[in-house]
Amino acid sequence: MAGGLVALFDDVAVLARAAAASVDDIGAAAGRASVKAAGVVVDDTAVTPQYVHGLAAEREIPIIKRIALGSLRNKLVIILPAILLLSQFLPFLLTPILMVGGAYLCYEGAEKVWHKLSGHSEAHGSVEQALPDEKTIVTGAVRTDFILSAEIMVISLNEVADEGFWSRAVILAVVAVGITILVYGVVGLIVKMDDVGLSLSQRPGKGISRFGHGLVKAMPRLLTALTVVGTAAMLWVGGHILLVGSDELGLHAVYGAVHHLEELAHDATGALGGVVGWLVNTVASALVGLVVGALIVLVMNLTVHRRKSAASH
């Protein structure tokens, strides 16, 4: 009896060690996948604050919470099952689907640039600030997040492609939850920093009060800058998706030209080669995104938007 118990305890210990090792492996794999997707995570963090810019302070966190829940639903309910099934049975469809999402990001970014250049953004902005439609804000943010989340999840999937099906599922679920908490936690901190500054400005102590006033004055500029960064990020990520996707589909010309420019910049700048090469690739991707997005905006203005305008009149 005692020997049986000892053997049972040994078996339990072996299973526990195996489970611990499996958890460690999943954590390490999720960490590697998250690092590879870090660029898109930064873009997601930059894009989101623009959706609450100009809203009443008490509505900012509730709206961010709704967007975060929508983002998590995107990742776990739609994107994760879809990419797992596609990678298992129809892997060749992942790239074209991702390119469609990249084209949508290019369109969103180019449309914002067009509104800014044409002066439409001021007119629309005054209406939105006077009477914000929270449902529209959340829907638009979750829709844009869907594309960025898909990019994050596909990049992460590529990093764990050698794992088994269920291991991939668990690792990607961990990545989805972790990145969503990280992105929207940072977004929440960014949009509430003005409240923190106001609180500090009312505290005793000249240095603390001055710092608080400076923080309050700086936050509108930071949010405006993040709006610009978010638009640039849409063009960059969308353009990069299209460049890489076209190369994978056998259309090597544009990707090859950008890669050649990146290598030239890298070789010409010595110790700064890595940074300069990355900047060249980023700017080129954003220009590709702007061109593609502008073409889609033109087509939409000549077709869908024109019909809507005619119907409204």
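Since we're looking at a predicted model, the values are computed, not measured. (Residues numbered from 1 in each chain as written. Predicted model: local features only at pLDDT ≥ 70, side-chain atom pairs only at ≥ 80, totals over all residues. Heavy atoms only, no water.)

Looking at the overall build of the chain
Selection rule: The secondary structure listing takes helices from DSSP runs of H or I that are at least 4 residues long and strands from runs of E that are at least 2 residues long, numbered from the N terminus. With a 1.4 Å probe rolled over the protein chains alone, any residue whose accessible area is under 20% of its type maximum counts as buried; one over 50% counts as exposed, and the rest are partly exposed. Contact definition: two residues touch when any of their heavy atoms are within 4.5 Å. With residues, only the protein chains shown are counted as cover, and all accessible areas are computed by Shrake-Rupley using a 1.4 Å probe.
The helix and strand inventory of the chain stands at eleven helices and zero strands. Looking at the chain as a whole, 37% of its 313 residues are labelled buried. Partitioning the intrachain contacts of the chain with sequence separation of at least 6 by distance along the chain shows that 79% fall at a separation of at least 24. For the chain, the accessible surface area stands at approximately 17,400 Å², while carbon and sulfur atoms represent 71% of it.

Notes on the packing of helix H6 (residues 134-159) against helix H7 (residues 165-201)
Stated formally: The convention used is that axes are lines fitted to C-alpha atoms, helices contributing only their stretch in contact, and that angles between N-to-C directions extend from 0 to 180 degrees. Between 65 and 115 degrees an angle is taken as roughly perpendicular, under 35 as roughly parallel, over 145 as roughly antiparallel, and anywhere else as oblique. For any pair of crossing helices, the crossing counts as left-handed if the nearer helix is rotated counterclockwise from the farther one by less than a right angle, and right-handed if it is rotated clockwise. Note that Gly is not counted as nonpolar here; it falls among the polar residues with everything else outside the nonpolar set of Ala, Val, Leu, Ile, Met, Phe, Trp, Tyr, Cys and Pro and the charged set of Asp, Glu, Lys and Arg.
In the contact formed by H6 and H7, the axes pass within 10 Å of each other and the chain directions differ by 135°. Comparing their axes, H7 and H6 come out oblique. Here H6 runs over H7; the crossing is right-handed. Contact residues: Asp145, Ile152, Met153, Ser156 and Leu157 in H6; Arg168, Leu172, Val175, Ala176, Ile179 and Tyr184 in H7. When grouped by side-chain class, the residues that make up the contact of H6 with H7 number eight nonpolar, one polar and two charged.

What to know about the packing of aromatic side chains
Put simply, the rule is: Working definition: a ring pair exists when centres of Phe, Tyr or Trp rings (six-membered ring for Trp) sit within 6.5 Å. Plane angles under 30 degrees give stacked, over 60 give edge-to-face, the rest tilted.
A full pass over the atoms with the stated rule returns three aromatic pairs. Here tyrosine 104 and tyrosine 107 contribute two aromatic rings whose centre-to-centre distance is 6.3 Å and whose plane-to-plane angle is 50°, an arrangement assigned as tilted. Residue tyrosine 104 and its partner tyrosine 107 are located together in helix H4 (residues 94-118), separated by three residues, close to a single helical turn. What makes tyrosine 104 partly exposed here is its relative accessible area of 22%.

A look at helix H9 (residues 253-268)
Our working definition: Multiplying one less than the number of residues by 1.5 Å gives the expected span of a helix.
Over its 16 residues, H9 extends 23 Å from the first C-alpha to the last, a length consistent with the 22 Å expected when each residue adds 1.5 Å. Where H9 terminates, the next one or two residues include glycine 270, which has phi positive at roughly 60°.

With respect to the side chain of serine 149
Looking at the secondary structure, you find serine 149 in helix H6. The class for serine 149 is buried, based on a relative accessible area of 0%. Among all residues touching serine 149, those that are not within four sequence positions of it are Ser71, Lys75 and Ile79.

Points about a nonpolar patch on the surface
Short version of the rule: Only residues whose relative accessible area exceeds 30% and that form no salt bridge enter a patch; like-charged residues are grouped when within 9 Å of one another, and nonpolar side chains (Val, Leu, Ile, Met, Phe, Trp, Tyr) when within 5 Å. The term salt bridge refers to a side-chain nitrogen of Lys or Arg lying within 4 Å of a carboxyl oxygen of Asp or Glu.
Residues Leu85, Phe89, Leu90, Phe92, Leu93 and Ile97 make up a contiguous nonpolar surface patch of roughly 610 Å² in combined accessible area. On the secondary structure map, leucine 90 appears in the loop between helix H3 (57-89) and H4.

What to know about H7
Spelled out, the test is: Two axes are fitted around each residue, one to the seven residues ending there and one to the seven starting there, and the angle between them is reported as the bend at that residue.
With 37 residues, H7 ought to run about 54 Å at 1.5 Å a step, and its terminal C-alpha atoms sit 54 Å apart, in line with that. Bending of H7 peaks at approximately 45° at the position of lysine 192.

Quick word on the nonpolar core
Formally: Here, nonpolar core refers to any group of buried Ala, Val, Leu, Ile, Met, Phe, Trp, Tyr and Cys residues whose side-chain atoms link them within 4.5 Å.
Counting residues in hydrophobic clusters, the biggest one holds 44 residues, and the most contacted among them are Ile67, Ile83, Leu105, Met153, Leu172, Tyr184 and Val237. Elements that contribute at least two residues to this core include exactly H3, H4, H6, H7 and helix H8 (206-248).

Let's talk about the environment of leucine 290
Of note, leucine 290 is situated in helix H10 (residues 273-302). Exposure remark for leucine 290: the relative accessible area of 33% places this residue in the partly exposed category. Considered as a pair, leucine 290 and leucine 235 are 55 residues apart in the sequence and their alpha carbons are 5.9 Å apart. Apart from the residues within four sequence positions on either side, leucine 290 is in contact with Ala110 and Leu235.

Describing the UniProt feature "transmembrane region" (unreviewed entry) in the chain
Inclusion rule: UniProt positions are given in the numbering used here, feature names are shortened, and annotations may be inferred rather than shown by experiment.
Within this numbering scheme, the UniProt entry marks residues 76-105, 165-191, 222-243 and 283-304 as carrying the feature "transmembrane region" (unreviewed entry). End-to-end, the C-alpha atoms of residues 76-105 are 21 Å apart, and along that stretch the chain is 87% helix and 0% strand. Taken end to end, residues 222-243 is 100% helix and 0% strand, and its first and last C-alpha atoms sit 30 Å apart.

Side note on the packing of H4 against H10
In contact at an axis separation of 7 Å, H4 and H10 are set at 75° when each is read in the N-to-C sense. Between H4 and H10, the angle falls in the class roughly perpendicular. Between H4 and H10, the contacting residues are Ala103, Cys106, Tyr107, Ala110, Glu111 and Trp114 on the first element and Gly289, Leu290, Val292, Gly293, Ala294, Ile296, Val297, Met300 and Asn301 on the second. For the contact of H4 with H10, the residue count by class is eleven nonpolar, three polar and one charged.

Here's the deal with the confidence of the model for the chain
To keep it simple, the criterion reads: Confidence of the predictor in every single residue is expressed as pLDDT, which spans 0 to 100.
Residues of the chain with pLDDT of at least 70 account for 75%, and the chain-wide mean is 76. Here residues 33-39 scores under 50 on pLDDT; set against residues more than four positions off or in separate chains, the count is eleven contacts.

Some details on the side chain of lysine 75
Defined as follows: For the purpose of charge, His is not counted, nor are the chain termini; Lys and Arg are scored as positive and Asp and Glu as negative. Here a polar contact is taken to be a pair of N or O atoms separated by no more than 3.5 Å, where protein atoms must pair a possible hydrogen donor with a possible acceptor and residues adjacent in sequence count only if both atoms sit in side chains.
Topologically, lysine 75 is positioned in helix H3. Although lysine 75 is buried, it forms no salt bridge, and the closest oppositely charged side chain is aspartate 145 at an N-O distance of 4.2 Å. At a separation of 3.1 Å, a polar atom in the side chain of lysine 75 contacts the side chain of serine 149. Of note is the side chain of lysine 75, whose polar atom sits 3.1 Å from the side chain of threonine 180. Look past the residues within four positions of lysine 75 in its chain and what remains in contact with it is Leu80, Pro81, Asp145, Ser149, Met153, Ala176 and Thr180.

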